[in-house]
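If you want the building blocks of each chain, they are given just below.
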Amino acid sequence: MKKLKPEKLKKGDTIAIVSLSWGGLGDRHLLHKYKIAKERLERDFGLNVVTMEHALKGSKFIYDHPELRAKDLMDAFRDDKIKAIICAIVGDDSIRMLPYIDYDVIRNNPKIFMGYSDTTVSHFIMNKAGLVSYYGPCIMCEFGEYVTMFDYTVKAIQEILFDNSKGHEIVSSDTWSNDYVEWMESNVGILKKMLPEQHHYEVLSGSGIVLGEVLGGCIDVFPMIIGTEIWPTKEEWRNKILLIETSEEQIKPEYLLWYLRNLGAQGILNVIKGIIVGKPQAEQYYEEYKAVYLKVLTEFHCETLPIIYNVNIGHAYPIGIFPLGIEYEIDYDQKKITLHESATLDEVGRKKEKI
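Please read all numbers here as calculations on a predicted model, not as lab measurements.

### Section: the overall build of the protein chain
When its secondary structure is counted, the protein chain shows twelve helices and 15 strands. Split into buried and exposed, the 355 residues of the protein chain put 59% on the buried side. Considering only intrachain contacts with a sequence separation of at least 6, the fraction spanning at least 24 residues in the protein chain is 80%. Computed over 42 positive and 52 negative side-chain charges, the inter-centroid distance for the protein chain is 4 Å.

### Notes on the nonpolar core
Among soluble globular proteins, nonpolar side chains are generally buried collectively. If you look at the biggest cluster of nonpolar residues, it comprises 115 residues, and the most contacted ones within it are Phe143, Leu161 and Phe322. With residues near it in sequence (within four places) discarded, Phe322 still touches Ser133, Tyr134, Tyr135, Ile170, Leu243, Ile276, Val311, Asn312, Ile313, Tyr328 and Ile337.

### Here's the deal with the state of the cysteines
Evaluated as defined, the whole model comprises zero disulfides. No disulfide involves Cys87; its sulfur sits 8.0 Å from the nearest other cysteine sulfur, which is in Cys138. Take Cys141: it sits in no disulfide, and the sulfur closest to it among the cysteines is that of Cys138, at 3.7 Å. You can call Cys141 buried: its relative accessible area is 12%.

### Looking at the layout of surface pockets
A probe matching the size of a water molecule, rolled over the atoms, marks out where space remains unfilled. A volume near 710 Å³ is recorded for the largest pocket. As for the largest pocket, its lining consists of 32 residues, of which Val90, Glu248, Gln281, His315 and Tyr317 are closest to the centre. Residue composition of the lining of the largest pocket, grouped by class: 16 nonpolar, seven polar and nine charged. Of the voids in this model, the second largest pocket is the one considered here, and its volume is about 400 Å³. Taken together, 17 residues make up the lining of the second largest pocket; nearest its centre are Lys3, Asn127, Lys128, Gly130 and Glu236. Top contributing element to the lining of the second largest pocket by residue count: helix H5 (residues 120-129), with three residues. In terms of residue class, the lining of the second largest pocket is built from seven nonpolar, two polar and eight charged.

### Topic: the pairing of strand E15 (residues 336-339)
As paired elements, strand E14 (residues 327-331) and E15 share four bridges and run antiparallel to each other. In the strand pairing of E15, Asp331 is matched with Lys336. Connecting the antiparallel pair E14 and E15 is a turn made up of four residues, with Lys335 showing a positive phi of about 55°.

### A few points about the environment of Trp258
Following the sequence through the fold, Trp258 ends up in helix H10 (residues 253-265). Residue Trp258 is classed as partly exposed on the basis of its relative accessible area, which comes to 45%. Remark: the alpha-carbon pair of Trp258 and Val292, spanning 34 residues in sequence, is separated by 9.6 Å.

### Overview of the packing of aromatic side chains
What the rule picks out here adds up to 14 aromatic pairs. Between the aromatic rings of Phe124 and Trp237, the centroid separation amounts to 6.2 Å while the plane-to-plane angle is 55°, which identifies the pairing as tilted. Within this pair, whereas Phe124 is found in helix H5, its partner Trp237 is found in helix H9 (residues 234-237), the two being separated by 113 residues in sequence. Given the relative accessible area of 0%, Phe124 is considered buried.

### Some remarks on the sheet that holds strand E12 (residues 307-311)
Strand order in the open sheet formed by seven strands is E8-E12-E11-E10-E9-E14-E15, and the pairing between neighbours is mixed. Only two strands of the sheet have a single neighbouring strand rather than two, namely strand E8 (202-205) and E15. Adjacent strand axes in the sheet meet at a mean angle of 35°, parallel and antiparallel pairs treated alike.

### Details of the environment of Asp102
Structurally, the position occupied by Asp102 is in the loop between strand E3 (82-87) and helix H4 (103-108). Since its relative accessible area comes to 31%, Asp102 is described here as partly exposed. A sequence separation of 216 residues divides Asp102 from Pro318, and the C-alpha atoms of the two residues are 33 Å apart. Beyond its immediate sequence surroundings of up to four residues, Asp102 is in contact with Met74 and Arg78.

### Some remarks on empty space enclosed by the protein
Summed over the entire model, instances satisfying the criterion amount to three cavities of 30 Å³ or more. The space that makes up the largest cavity amounts to roughly 50 Å³. For the largest cavity, the full set of lining residues is Leu9, Leu41, Phe45, Leu47, Ala84, Ile85, Ile86, Ile112, Met114, Phe143, Ile157 and Leu161. In terms of residue count, E3 provides more of the lining of the largest cavity than any other element does, three residues in total. Residue classes in the lining of the largest cavity are distributed as twelve nonpolar, no polar and no charged.

Calculation notes
Residues numbered from 1 in each chain as written. Predicted model: local features only at pLDDT ≥ 70, side-chain atom pairs only at ≥ 80, totals over all residues. Heavy atoms only, no water. Helix = DSSP H or I, 4+ residues; strand = E, 2+ residues; numbered from the N terminus. Buried < 20%, exposed > 50% of the residue type's maximum accessible area, 1.4 Å probe, protein only. Contact = heavy atoms within 4.5 Å. Lys, Arg positive; Asp, Glu negative; His and termini not counted. Charge placed at Lys NZ, Arg CZ, Asp CG, Glu CD. Core = buried A, V, L, I, M, F, W, Y, C linked by side-chain atoms within 4.5 Å. Disulfide = S-S within 2.5 Å. 1 Å grid on protein atoms, 1.4 Å probe; cavity = no way out; pocket = protein on both sides within 12 Å on 5 of 7 lines; lining within 4 Å. Points joined across faces, edges and corners; volume = space filled by probe spheres on them. Nonpolar A, V, L, I, M, F, W, Y, C, P; charged D, E, K, R; others polar. Pairing = 2+ DSSP bridges. Phe/Tyr/Trp six-rings, centres within 6.5 Å; stacked < 30°, edge-to-face > 60°. Axes fitted to C-alpha atoms, helices over the stretch in contact; angles between N-to-C directions.

If you want it as structure tokens, here you go:
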């Protein structure tokens, strides 16, 4: 069944900020990140920014009230004036919102929802509700980047969220960064140092052209959602392309091995069409992770499953956007990732969908 698509963004649209995991956006020493991001969204993208009721309450309040995090999310979906919802920051606690989610509210009010890392939980919520979602930039990291946003990220936002993106090729960035700039107001003038990309996309296994709907997220989060109401069945994974990236925790290769073996034991690796793997943050365990993927494919007798490696998503710098729930074309011989359909609807498309 095709997922519901929201309308594409245009200048003047209203977008909402939510804190669904860690509540650092509202902590006094980090409020400057919120201000940078809000000003940038309004000035550079022409958007009207609203902040949901509890999003700036601070990390302790947000931790103590998962039900209010979920309320903010539901309220943002219910509000007809809001066209997109962007997550404040990552964390490790979105899972506690599950009892308070109303899937009908999401299903009946499709709009752009974006974030990454622990937001993986919310992306699987969107998937269960039948909605396309967008694995990409968050407020504190990308929109709140000191000095300027990465050009690669800005281009992805414009081409995927504001334009008709059918046929859009998600290319490898020519540069990347392993630089760390501590979040503090005295550092607002420090720009991350960039390095030339040495690897670009690598094909670890498989060949040919694969068509399929992309689903996935941060594999560190998978253990929290496996077995819950939002984790897809084996049949729901059939013919999907699995998106996997790893977090800033830079998990040891043996943990990646165990997580992938779990997917193999569920039978998922034997029914999907391919895997897209994000660049490990700071290229930590870059070669070791590659060996893990190939080892697991051998263990579960799917050695020809196509894997494309080192994509700019999640915890890599810079990152783009991977819409989840639409069909992609991946040419493993040419190392090309292309959106086979637009990630959003225009106003005409929305009217047709309602008929």
